[in-house]
Amino acid sequence: VQMPVDSPCLFVIVGKNDNLIYQSQLSAQKKESATHFSQFIVHSSLDVVDDLVWKTNTMYLKAVDRFSNSNISAFVTAGYIKFLILHEKKDEDGIKNFFNEVYELYLKILQNPFYQLNSPITSSVFDEKVKSIAKKKLDL
Amino acid sequence: IEKLNSEQSTKVGMSRGSVNLSRVGENTFRDIEKLNSELFTLTYGAIVAQLMKDYEDVEEVNNQLEKMGHNIGLRLIEEFLARSNVPRCQDFRETGEVIAKVGFKMFLGVIAQVTSWDPKKNEYSLIIEENPLVEFVELPDSCNNLWFSNVLCGVIRGCLEMLQLRVECKFIKDVLRGDDSTEIRVTLKEIIAEEIPVGED
């Protein structure tokens, strides 16, 4: 089942100081305002994530918050970097696989000696790969 | 001294038979102690990143990397000769084959190709197909003129200097910079002592 074209699907990576490291609108989103709104929703779920992190051993936190008909799922790395995804369709397995694959990419970024921890990821290679993983794992 | 054609180029003529340099390289590599390659690449990357922060000028960092390499090369040659037991090179081009098939293999675990040999200028190129130093590295835009692996040029220069050959060694291409290959150009400038004939009959 394909997600409707204008349903938002925002993926963000948030650093240790709640700073934005990376974001990508994974679905075909026409309105700029929709992205800003999605960012706001994702940001407001950070407190919930901070709580849940201490209650579980795994990095994948599943769905942490809801807003109208959108879900926010989270994945927190061992270094406390947060991956968050705002999505409407329930697809726990797809999202878990997506998070795991993006995590592998993130580890490679960390191994670049020129990348400073907690700073924005500007690599276009990373961006393309995230989008292609999204297409494969999330039916987008 | 005959000019070696490319098929024979990995063999060195000796009075008792020929030596296959690729095999020497592999055997030496097999017997030498190994270290985790991630530790190695992360350490080297950290050095380069720190040099960039300290000097801020890309040309100066290139220089520093070359100097570091030179320092290493002056001392590395002893270990190289002791472990590999390669016979003496008959001409300058052979130094390239030995560096590419034995030196690189021993210390980096990969071999290089010797190409673009110019007998008049006593020059050759070393093409490195897989450079272990650059795994995971992406050059930021501010470092476009950085030769990330410049330490290798210094090492080659230092090693050959201990063998009485003064060379100039520099990068011409690097895949990190978007080029299609990684290439080092080695040029003989001067023979420091008279005893070793290079490229003469």
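Conventions used here
- Residues numbered from 1 in each chain as written.
- Chains lettered and ligands numbered in written order.
- Predicted model: local features only at pLDDT ≥ 70, side-chain atom pairs only at ≥ 80, totals over all residues.
- Heavy atoms only, no water.
- pLDDT = per-residue confidence, 0-100.
- Helix = DSSP H or I, 4+ residues; strand = E, 2+ residues; numbered from the N terminus.
- Contact = heavy atoms within 4.5 Å.
- Bend = angle between axes of the 7 residues up to and from the residue.
- Pairing = 2+ DSSP bridges.
- Axes fitted to C-alpha atoms, helices over the stretch in contact; angles between N-to-C directions.
- Buried area = accessible area lost by both parts, 1.4 Å probe.
- Salt bridge = Lys/Arg side-chain N within 4 Å of Asp/Glu carboxyl O.
- Polar contact = N/O pair within 3.5 Å; in protein donor to acceptor, adjacent residues only side chain to side chain.
- Parallel < 35°, antiparallel > 145°, perpendicular 65-115°, else oblique.
- Left-handed = near helix turned anticlockwise from the far one by under 90°.
- Nonpolar A, V, L, I, M, F, W, Y, C, P; charged D, E, K, R; others polar.

Engineer: Can you tell me about the confidence of the model for chain A, naming the residues and giving the values?
Structural biologist: Note that predicted coordinates carrying low pLDDT should not be read in detail. All names here are of chain A. Summarising the model, chain A shows a mean pLDDT of 84, and 89% of its residues fall at 70 or more. Mean pLDDT in chain A bottoms out at helix 1 (residues 32-44), which sits at 76, and peaks at helix 3 (residues 92-110), which reaches 92. For the stretch residues 1-5, pLDDT sits under 50, and the model shows 10 contacts to residues farther than four places along the chain or on other chains.

Engineer: Describe helix 3 (residues 58-84) of chain B, naming the residues involved and giving the relevant values.
Structural biologist: Maximal helix bending in helix 3 of chain B amounts to about 35°, located at B:R75. Downstream of helix 3 of chain B by one or two residues, B:N85 has phi in the positive range, about 55°.

Engineer: Please set out the environment of B:H70 residue by residue, giving values where relevant.
Structural biologist: Residues and elements named next belong to chain B. Tracing the backbone shows H70 in helix 3. H70 sits 88 residues away from G158 along the chain, and the two C-alpha atoms are 4.4 Å apart. Aside from chain neighbours lying at most four places away, what touches H70 is G154, V155, R157, G158 and E161.

Engineer: Report on the sheet that holds strand 4 (residues 123-128) of chain B, specifying residues and quantitative values.
Structural biologist: Residue and element names in this part refer to chain B. If you trace the 4 strands from one edge of the open sheet to the other, you get 3-4-6-5, paired in antiparallel fashion. Two strands close off the open sheet at either side, each with one partner strand: strand 3 (112-118) and strand 5 (165-173). Sheet twist, expressed as the average angle between the axes of neighbouring strands with direction ignored, equals 25°. Here strand 4 runs beside strand 6 (residues 182-191); their pairing, made up of 6 bridges, is antiparallel. The residue bridging L126 from the neighbouring strand is I184, located in strand 6.

Engineer: I'd like a rundown of the interface of chain B and chain A, residues and numbers included.
Structural biologist: Across the contact, 16 residues belong to chain B and 8 residues belong to chain A. Between chain B and chain A, roughly 890 Å² of surface is buried when both sides are summed, and carbon and sulfur atoms account for 67% of that area. Inspection of the region where chain B meets chain A yields 0 salt bridges. Counting the contacts that link chain B with chain A gives 2 residue pairs in polar contact (both at pLDDT 80 or more).

Engineer: Talk me through the packing of helix 3 of chain A against helix 4 (residues 124-138) of chain A; I want residue IDs and the actual numbers.
Structural biologist: When two helices pack together, their arrangement is given by the angle between their axes and by how far apart the axes lie. Residues and elements named next belong to chain A. At a minimum axis separation of 9 Å, helix 3 and helix 4 run at an interaxial angle of 160°. By the angle between their directions, the pair helix 3 and helix 4 is classed as roughly antiparallel. Regarding helix 3 and helix 4, the two cross each other, and that crossing is right-handed. Where helix 3 approaches helix 4, its residues G94, I95, N97, F98, E101, V102, L105, Y106 and I109 are matched on the opposing element by F126, K129, V130, I133, A134, K137 and L138. Across the contact of helix 3 with helix 4, the residue classes tally to 11 nonpolar, 2 polar and 3 charged.

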